[in-house]
Amino acid sequence: MGRLMVIDGLDGSGKSTQFERLSEYLDSRGTSYQKISFPDYDQPSSALVKLYLSGAFGSDPAEVNAYAASSFYAVDRYASYRQFWQTAYEAGTLILAARYTTSNAIHQMSKLPRQEWESYLNWLREYEYGRLGLPRPDTVVFLDMPVEVSQRLLSQRYGGDASRRDIHEQDVAYLSRCREAALFAAGVDGWQVVPCAENGEPLPVQTITEKLIALLPEENK
């Protein structure tokens with residue numbers, strides 16, 4: 001089997017930037033790898049995810065319970081795996097993923113009372129890795145950008161137009177709970193937490209990239 005490395009984080013944490021920079025590094029090394037990203041908005045399997053994020057099921061993320069919303073994303077991952085990267089993974093290829101099952105732990109677990117978080121994580125592992133048969137990640141990196149910093153970065157991204165944000169990006173209290181959930185999951189499941197800000201300011205992009213390179217499998221550095 002190959003190796004699966006996941007880059008995850010809250011909205012505005014710099015996931016897309018770091019994902020591309022890590023890809024460029026692997027390209028420069030001549031590494032054989034495959035990139036995947038979730039949700040896979042170009043495929044029909046993401047239809048329920050797009051409806052959910054657009055607010056079709058309610059403008060408050062909490063209106064769709066954690067287990068239902070988790071299923072929307074899990075089905076999209078299953079379709080992606082079976083169609084696009086199972087063969088490469090089973091042949092030993094490094095798979096670099098932007099978001100994964102980990103995003104359910106971050107965004108959906110936060111909807112539940114804290115005393116239910118551990119049982120949710122047990123359910124999530126059994127559902128996606130057990131029942132659906134998706135590969136377990138070898139390395140998960142959580143880009144930890146404080147919410148107050150990420151909100152400034154999101155405002156810059158959308159030119160100050162708050163209406164362009166999806167229902168997750170619009171809810172600051174929800175994003176704060178997501179960060180708590182992510183750090184809880186990181187502690188339970190052994191994720192690598194990479195701080196992305198210092199003294200209320202984002203760290204230089206290259207500094208974060210270097211931290212990610214250090215976490216690559218030894219044979220790919």
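The preceding data block contains the structure.
The structure contained in this document is the topic of the report that follows.

### Side note on the overall build of the chain
And step 1. On a plain count of helices and strands, the chain comes out with 8 helices and 7 strands.
And step 2. Here the chain has a C-alpha radius of gyration of 17 Å; the compact-globule value for 221 residues is 17 Å, and the two agree.
And step 3. With the C-alpha coordinates aligned to their principal axes, the bounding extent of the chain is approximately 45 × 40 × 35 Å.
And step 4. For the chain, the residues scored as buried account for 51% of the 221 residues in total.
And step 5. Counting only carbon and sulfur atoms, one obtains 47% of the accessible surface of the chain, whose full area is about 10200 Å².
And step 6. Positive and negative charge centroids in the chain, built from 22 and 29 side chains respectively, lie 1 Å apart.

### Points about the pairing of strand S3 (residues 94-98)
And step 1. For S3, a buried count of 5 out of 5 residues is recorded, marking the element as mostly surrounded by other parts of the structure.
And step 2. Judged by which residues are buried, S3 turns out to be covered on both faces: Leu94, Leu96 and Ala98 on one side and Ile95 and Ala97 on the other are all buried.
And step 3. In this structure, strand S1 (residues 3-9) lies alongside S3, joined through 5 bridges in parallel fashion. Across the sheet, Arg3 pairs through a bridge with Leu94, a residue of S3.
And step 4. Strand direction decides the pairing type here: strand S2 (residues 33-37) and S3, joined by 5 bridges, are parallel. Bridge pairing links Lys35 to Leu96 in S3.

### Thoughts on the state of the cysteines
And step 1. This model, assessed by the stated rule, comprises 0 disulfides.
And step 2. Distance from the sulfur of Cys178, which forms no disulfide, to the nearest cysteine sulfur (Cys196) is 16 Å.
And step 3. Under the relative-accessibility criterion, Cys196 is labelled buried at 0%.

Rules used throughout
Residues numbered from 1 in each chain as written. Predicted model: local features only at pLDDT ≥ 70, side-chain atom pairs only at ≥ 80, totals over all residues. Heavy atoms only, no water. Helix = DSSP H or I, 4+ residues; strand = E, 2+ residues; numbered from the N terminus. Rg over C-alpha atoms; globule rule 2.2 N^0.38 Å. Buried < 20%, exposed > 50% of the residue type's maximum accessible area, 1.4 Å probe, protein only. Areas by Shrake-Rupley, 256 points an atom, 1.4 Å probe, with all protein chains shown as cover. Lys, Arg positive; Asp, Glu negative; His and termini not counted. Charge placed at Lys NZ, Arg CZ, Asp CG, Glu CD. Pairing = 2+ DSSP bridges. Disulfide = S-S within 2.5 Å.

Remember that the coordinates give geometry; whether it matters functionally is a separate question.
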